[in-house]
Amino acid sequence: MCGIYGIIGKCKNIDKVAINALYELEYRGYDSSGIAFLNTNKEIKVIKSTGKIENLEKNINNHEVSTECLIAHTRWATHGKISTSNAHPHTSENVAIVHNGIITNYEELKNKLNSYKFYGECDSEVIAKLMDYNLQRSKTALEAFCKTIKELKGSYAIECIVKGEYNTIFIARKESPIYVCKYKDTVIASSDLITFPKQTSTYFEVSENQICELKKSKIKFFDLELNEIKGTSKKYDINENKVSLNNYSHFMLKEIFDIPKALNDTMKKLESSDKLNIDLSRFEKVHFIACGTAYHSACVGAFMVQSLCGIDAQSHIASEWIDSPTLCNKNHLFVMISQSGETFDTILALKKAKQNGCICLSITNTSYSTLANLSDYVLPIVAGKEVAVASTKVYNACNLACLYLANKIKAERQNLELNLNDIKIDYNEITKLLNAEFEKEFANTLINYKTIFFLGKCEDYITAMEASLKLKEITYINSSAYPSGELKHGTLALVDNETLIIAYLTNANYTDKMISALSEVKARGGKVLLLSNQTLPKALVDYSIKLSSGNSSINMLLYSIIPMQKLAYYTAIKLNKNPDKPRNLAKSVTVA
Ligand code: F6R
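Please read these numbers as outputs of a predicted model, since none were measured by experiment.

How each quantity is defined
Residue positions are given per chain, counted from 1 along the sequence in the order it is written. Local features in this predicted model are restricted to residues whose pLDDT is 70 or higher, and side-chain atom pairs enter the listing and the counts only when it is 80 or higher, whereas totals over whole chains, interfaces and linings include all residues. Values shown for side chains rest on all heavy atoms present in the structure; no hydrogens or waters enter the calculation. In these notes, residues near a molecule or strand are those with any non-hydrogen atom within 4 Å of it. What qualifies as a polar contact is a pair of N or O atoms within 3.5 Å, subject to a donor-acceptor requirement within protein and to the restriction that residues adjacent in sequence count only when both atoms come from side chains. Accessible surface is estimated by sampling points in the Shrake-Rupley manner with a 1.4 Å probe; for residues, cover comes only from the protein chains shown. The way it works is that DSSP assigns letters per residue, a run of H or I at least four long becomes a helix, a run of E at least two long becomes a strand, and they are numbered from the N terminus. Charged residues are taken to be Asp, Glu, Lys and Arg, nonpolar residues to be Ala, Val, Leu, Ile, Met, Phe, Trp, Tyr, Cys and Pro, and polar residues to be all remaining types, Gly included. Throughout, an axis means a line fitted to C-alpha atoms (over the contacting stretch in the case of helices), and angles, computed between N-to-C directions, take values from 0 to 180 degrees. To sort the angles, those under 35 degrees are grouped as roughly parallel, those over 145 as roughly antiparallel, those from 65 to 115 as roughly perpendicular, and the leftovers as oblique. What makes two residues a contact is simply this: any of their non-hydrogen atoms within 4.5 Å. Here, any two strands with at least 2 DSSP bridges between them count as paired. Residue ranges labeled as domains rest on an automatic or database domain assignment. Once two parts are put together, the accessible area they lose, assessed with a 1.4 Å probe and summed over both, is termed the buried area. Should a side-chain nitrogen of Lys or Arg be within 4 Å of a carboxyl oxygen of Asp or Glu, the pair is scored as a salt bridge.

Caption draft 1: Molecular detail of the site of the ligand. Taken together, 13 residues are adjacent to the ligand, and S338, Q339, S340, T343 and E473 come closest. Between the ligand and V389 there is a distance of 3.3 Å, counted from an oxygen atom to a backbone nitrogen or oxygen. The separation between an oxygen atom of the ligand and a polar side-chain atom of E473 is 2.5 Å. For the ligand, the protein covers 90% of the area, taking 400 Å² as the surface of the free molecule. Of all the elements in the fold, those that place two or more residues in the shell around the ligand are α8 (292–309) and α15 (459–475). Among the residues forming the shell around the ligand, the class breakdown is four nonpolar, seven polar and two charged.

Dropping the structure here:
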């Protein structure tokens, strides 16, 4: 989703600093970018480009950027096509703004501002026009900005510069994050702490219903009545979020190979958060809510709680749950799972659960995120920054947090101390799976199939769903996951000798049923790749990946996905697709 950045103060090569920040925000996904600045004649200048940030960089090189006040943006199109006119910053005569979020009363405001000529289709443009309108009806730019913010509905993080206000950036936010920090002679604002200089250790979070005014070396906060208030600073080790490729060709591959470290660091952190001050024994039901890959972790969480604790647990897709009839009460625990902690649908689900008086615990890789801030409790994941759009190591680490939570609920229900020895991570098996060469080779075979189905039962079905999502999102090959017993109820009609079935079997209780499903496939000429800790009749299996037989199927949920994460990666490479930045997708989905 969109990324925003702003810098004010004395800074050598300010445009290069801003461009580097936009490169750091690239992971959010974008299709155009731009900057606006106040030049020495106190005029607003705007430079925008579609496509890669390199295009903007080249474009900027053709201009003189002489300023001490600059705002910058990466846009991920929602309202209006990808074009320079829809790219940010958006302007009116006296104003330039950048915006992350969606203005829902855009049409209504546009009607009010009918004396203005709108040049694009992007909802954000209305903010610039409204600010201009309010400037003419206010004593100060700060007052105008405050009026503007009060009229907006929807979600936003906004930075605004005003002609004549040479040294000021105005900032406000609702439901989209923005942080500010001081560094040497500059003050910086950004959607993500990752863009802050690595020497910074303190930042301010702009809260909702606040206006933040950045001046040279000064950060001021106001409430919406324009009373000056104190901002709250927070400490943070920025370096934790600075990542590099090392010797890997892509972040996705690096992040798959980071899995052992992500599990180890997460386990250490979970051990130290053992004092999670919450009575888990009293809950009658646990709801796990998330989106995408994190939703698959939610399925894992619900499966683990049901299996280990014998209480009701359910997983929900956040965007569905928020609009479904509310069937929950104060005796239900809600667990939200999110890598970024900024996923809009998951945040809305948390708000709905809280409105219903329920306790919310979040499992997140981003301790300073909106989700973490809004939750009653946080179970932290320490997977390190995940840059590739397709989530890998965080999925494994979230599953570990779910296993920890399920064991903790079980222990408390039995009035026992949690025994962390119950949570075993088989690093030997993980290393073996990481080092296997099979997936690289098999990618050559997989690219020949147009139809691929993933099969599994119960816990294996969850892994099958995640495997299918990984393959789809970075290779653009169409695949679906089915519970193995469900194939014969319709989808079998699609199986022929041009179909590849990738089947997961990690639980001996399901062997007979998997044999039936694969027999149905083989009778129609389908090809089978089996991932299992068991050996099935040769006639049913064309290719196989052996999983270790020493672990329970529940523990295998921590790593059985690895071969398919690798296969998706190597297939994308074979097809010449960039696995780190799949088309149409963003790392952090901050819109509904
Ligand atoms: C898929 C993927 C997405 C995210 C989803 C939720 O590989 O990464 O499906 O899992 O957008 O994101 P978070 O976990 O940040 O809430």
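Caption draft 2: The arrangement of the packing of helix α7 (residues 259–272) against helix α13 (residues 427–435) in detail. Direction vectors running N to C along α7 and α13 enclose 155°, while the axes themselves pass 10 Å from each other. Relative to α13, α7 is oriented roughly antiparallel. Counted together, P260, L263 and N264 of α7 and Y427, I430 and L434 of α13 form the full contact between these two elements. By residue class, the composition of the contact of α7 with α13 is five nonpolar, one polar and no charged.

Caption draft 3: Region of the structure containing the sheet that holds strand β13 (residues 218–223). Across the sheet, seven strands lie side by side as β5-β6-β7-β8-β12-β13-β14; this open sheet has antiparallel pairing. Bordering the open sheet on either side are β5 (90–92) and β14 (228–229), each of which pairs with just one other strand. Looking at chain direction, strand β7 (residues 154–162) and strand β8 (residues 169–174) are connected through four bridges and run antiparallel. Counted as the bridge partner of A157 is R173 from β8.

Caption draft 4: Summary view of the domain arrangement of the protein chain. Each assigned domain of the protein chain is listed with its residue range as follows: domain 1 (3–241), domain 2 (246–425) and domain 3 (428–584). On a C-alpha basis, the centres of domain 2 and domain 3 stand 25 Å from each other. Of the roughly 2600 Å² buried where domain 2 meets domain 3, counting both sides, 72% is carbon and sulfur surface. Contact with domain 3 buries surface across domain 2, with M252, H296 and F303 losing the most and accounting together for 21% of the total. For the pair domain 2 and domain 3, the interface holds zero salt bridges. Counting every contact that joins domain 2 to domain 3 gives 13 residue pairs in polar contact (both at pLDDT 80 or more). Secondary structure elements with two or more residues in the side of domain 2 that touches domain 3: α6 (251–257), α7, α8 and α12 (393–413). The residue inventory of the side of domain 2 that touches domain 3, partitioned by class, reads 20 nonpolar, 10 polar and one charged.

Caption draft 5: Representation of the sheet that holds strand β21 (residues 451–456). As summarised here, the arrangement of the five strands in space is β22-β21-β23-β24-β25, forming an open sheet in which the pairing is parallel. Two strands bound the open sheet, and with one partner strand each, they are β22 (479–483) and β25 (543–546). Neighbour-to-neighbour, the strand axes of the sheet open up by a mean angle of 15°, direction not taken into account. Packed onto the sheet, helix α18 (residues 562–574) meets β21, β23 (499–505), β24 (527–532) and β25 and runs at close to 135° relative to β24.

Caption draft 6: Structural detail: unusual backbone geometry. Residue H88 is joined to P89 through a cis peptide bond whose omega torsion reads 0°. Mapped onto the fold, P89 is located in the loop between β4 (69–75) and β5. One non-glycine residue, K184, adopts positive backbone phi at about 50°. Tracing the backbone through its elements, the reader meets K184 in the loop between β9 (179–183) and β10 (186–190). Unlike most non-glycine residues, N584 shows phi in positive territory, near 65°. With respect to the helices and strands, N584 occurs in the segment after α18.

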